[in-house]
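Chain by chain, the residues:
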Amino acid sequence: MGKKEAGYIYQVMAMRTQHRQLSFLLLLCSLCLAWSAAAQEQSVRPGINRHFVDPDWQRWVNTFERPGREVYDKRHAIVEASAPRPGMAVADIGAGTGLFTRLFAPRVEPGGTVYAIDISKSFIDNILRTCREQGLTNVTGIVNTPEDVGLPADAIDLAFITDTYHHFEYPRQTLASLHQALRRDGRVIIIDFRRDPRISSRWVLGHVRTNKAQTIQEMKEAGFRLVADKPLLRTNYFLEFVKSE
Ligand SMILES: C[S@@+](CC[C@H](N)C(=O)[O-])C[C@H]1O[C@@H](n2cnc3c(N)ncnc32)[C@H](O)[C@@H]1O
């Protein structure tokens, strides 16, 4: 074999080795991508928030702030039972049209703040507008992602979540971010539909993912302890949690 041929064979072998190394690297990358996709939480209810992507403000005011809706009819008793105090930082998570944001804002004065948090920018823009119109100056709007409440660590004393827990598409990640945002002695209130085949409407059975026991279990797994189950409402439950030790 001449020098030229030997050189050629050497080049081909080197290229094959490089090719094999590249294939191995590609395989490794695909495995890593597949692993991280599997590790990520999947949406527990894809599409549940589609109506809130570009919401018609007036339609939702008429829906959320109408007599006959239990949490609207009992809104003052709900705020009272949530025990807001002057100086507190309250997060209204899934604030919607701001029904509860506007009720909490004067109750944490002086010195307190209400964070109106929603995945819908349009809801937040309109909440800030209505708060301005009503002279409420202690409301901060946050447009969060479906996975994260969008607050810094140790930012709030009270998280208020009404008719929204069943809208969390990524409850594990959302609750982990809430756990970080809640101060040591902070509280979380969850008000949501009772889901019981004996008493719930077909709409509730189809729309709402967890019943009370499942919500309590998911909260427990996320590091929260149930401290109160207040018999304030008929078609909804009212649960209060603190961080577990
Ligand atoms: C049924 S509405 C309830 C609104 C309000 N809490 C009330 O009771 O009037 C649910 C709200 O949760 C919001 N939402 C859904 N998933 C969310 C998430 N992961 N974080 C914050 N808001 C969310 C929706 O955009 C919607 O405004």
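Just so it is clear, the structure is predicted and the values come from calculations on it, not from any experiment. (Residues numbered from 1 in each chain as written. Predicted model: local features only at pLDDT ≥ 70, side-chain atom pairs only at ≥ 80, totals over all residues.)

### Side note on the overall build of the protein
1) Next: A tally of helices and strands in the protein yields nine helices and seven strands.
2) Next: Burial status across the protein gives 31% buried among its 245 residues. (Helix = DSSP H or I, 4+ residues; strand = E, 2+ residues; numbered from the N terminus. Buried ≥ 20, exposed ≤ 12 C-beta atoms within 10 Å, placed from the backbone.)

### Thoughts on the site of the ligand
1) Next: Residues in close proximity to the ligand total 22 residues, the closest being Phe52, Phe64, Gly94, Gly96 and His167.
2) Next: When its residues are assigned to classes, the shell around the ligand shows 11 nonpolar, nine polar and two charged. (Near = placed C-beta within 6 Å. Nonpolar A, V, L, I, M, F, W, Y, C, P; charged D, E, K, R; others polar.)

### Details of unusual backbone geometry
1) Next: Across the junction of Glu109 and Pro110, the peptide omega takes the value -5 degrees, indicating a cis bond.
2) Next: Positive phi, close to 55 degrees, is recorded for Asp163, a residue that is not glycine.
3) Next: Secondary-structure assignment places Asp163 in the loop between strand S4 (156–162) and helix H7 (171–181).
4) Next: Residue classification places Asp163 among the buried positions, given that 20 C-beta atoms sit within 10 Å.

### A few points about the sheet that holds S4
1) Next: The sheet built from seven strands is open, its strands ordered S3-S2-S1-S4-S5-S7-S6 with mixed pairing. Only two strands of the sheet have a single neighbouring strand rather than two, namely strand S3 (139–143) and strand S6 (224–229). The sheet shows a mean angle of 20 degrees between the axes of neighbouring strands, direction not considered.
2) Next: In terms of strand pairing, strand S5 (residues 182–193) meets strand S7 (residues 236–243) through seven bridges, oriented antiparallel. (Pairing = 2+ DSSP bridges. Axes fitted to C-alpha atoms, helices over the stretch in contact; angles between N-to-C directions.)

### Structural notes on the nonpolar core
One recurring pattern in soluble globular proteins: nonpolar side chains tend to sit buried together.
1) Next: Counting residues in each nonpolar core, the largest one holds 45 residues, and the members touching the most others are Val90, Ala91, Ile156, Ala159, Phe160 and Val188.
2) Next: Those elements that provide at least two residues to this core are strand S1 (89–93), helix H5 (99–107), strand S2 (113–118), helix H6 (121–133), S4, H7, S5 and S7.
3) Next: Not counting residues up to four positions away in its chain, the partners in contact with Ala159 are Ala91, Ile93, Leu178, Leu182 and Val188. (Core = buried A, V, L, I, M, F, W, Y, C linked by C-beta atoms within 7 Å. Contact = placed C-beta atoms within 7 Å.)

### A look at the environment of Pro67
1) Next: Summarising the element assignment, Pro67 is placed in the loop between helix H2 (57–64) and helix H3 (70–73).
2) Next: Setting aside its immediate chain neighbours within four residues, Pro67 contacts Tyr72 and Asp73.

### Side note on the pairing of S1
1) Next: Of all five residues making up S1, five are buried, and the element is well covered by its neighbours.
2) Next: Burial along S1 is two-sided: the residues Ala89, Ala91 and Ile93 and Val90 and Asp92 are all buried.
3) Next: Here five bridges tie S1 to S2, and the two strands are oriented parallel to one another. Within the sheet, the bridge partner assigned to Ile93 lies in S2 and is Ile117.
4) Next: After leaving S1, the chain enters H5 and then returns to the sheet as S2, a path that is right-handed.
5) Next: Pairing geometry for S1 and S4, over three bridges, is parallel. The partner of Val90 across the bridge, within S4, is Leu158. (Right-handed = clockwise from strand over helix to strand, strands pointing away.)

In short, shape yes, function no, at least from these values alone.
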